Amino acid sequence: MAIVEGKACPACGGTELAEGEQAGYSQMGHRGKPLKPGSPIVHVFCTDCGIIIQSYVSQPQRFKRTTVKV
Ligand SMILES: [Zn+2]
């Protein structure tokens, strides 16, 4: 869990936002291709009211047509 600094909740004005990760069976997967590796989803949410302010796929490159290994 990481605290996000410099942003405020648009619903309650709370300034303590945190990052959580949605992984496992509920991560982002490839539609129709359940065996391809997907990616966890990171949610930024308010620790006061629980509103999710932002969500993003943590490894979006896995969904590109060509994956380049670094
Ligand atoms: Zn809030």
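Predicted model, so just to flag it, every value in this text is computed and none were measured.

Novice: Go over the environment of Ser39 with me, naming the residues and quoting the values.
Specialist: Take Ser39: it is sitting in the loop between strand E2 (17-22) and strand E3 (41-46). C-alpha separation for the pair Ser39 and Gly29, spaced ten residues apart in sequence, amounts to 6.7 Å. Apart from residues no more than four positions distant in its own chain, Ser39 is found in contact with Gln27, Met28, Val57, Ser58, Gln59, Pro60 and Arg62.

Novice: Tell me what's going on with the pairing of strand E4 (residues 52-57), and back it up with residues and numbers.
Specialist: The side chains of a regular strand alternate between the sheet's two faces. In terms of burial, E4 is largely open, as just zero of its six residues are buried. Relative to E4, E3 is paired through five bridges, and the arrangement is antiparallel. Counterpart to Phe45 in the pairing with E4 is Ile52. Hairpin connection, E3 to E4: the antiparallel pair is bridged by five residues, and Gly50 has positive phi, about 90°.

Parameters at a glance
- Residues numbered from 1 in each chain as written.
- Predicted model: local features only at pLDDT ≥ 70, side-chain atom pairs only at ≥ 80, totals over all residues.
- Helix = DSSP H or I, 4+ residues; strand = E, 2+ residues; numbered from the N terminus.
- Contact = placed C-beta atoms within 7 Å.
- Buried ≥ 20, exposed ≤ 12 C-beta atoms within 10 Å, placed from the backbone.
- Pairing = 2+ DSSP bridges.

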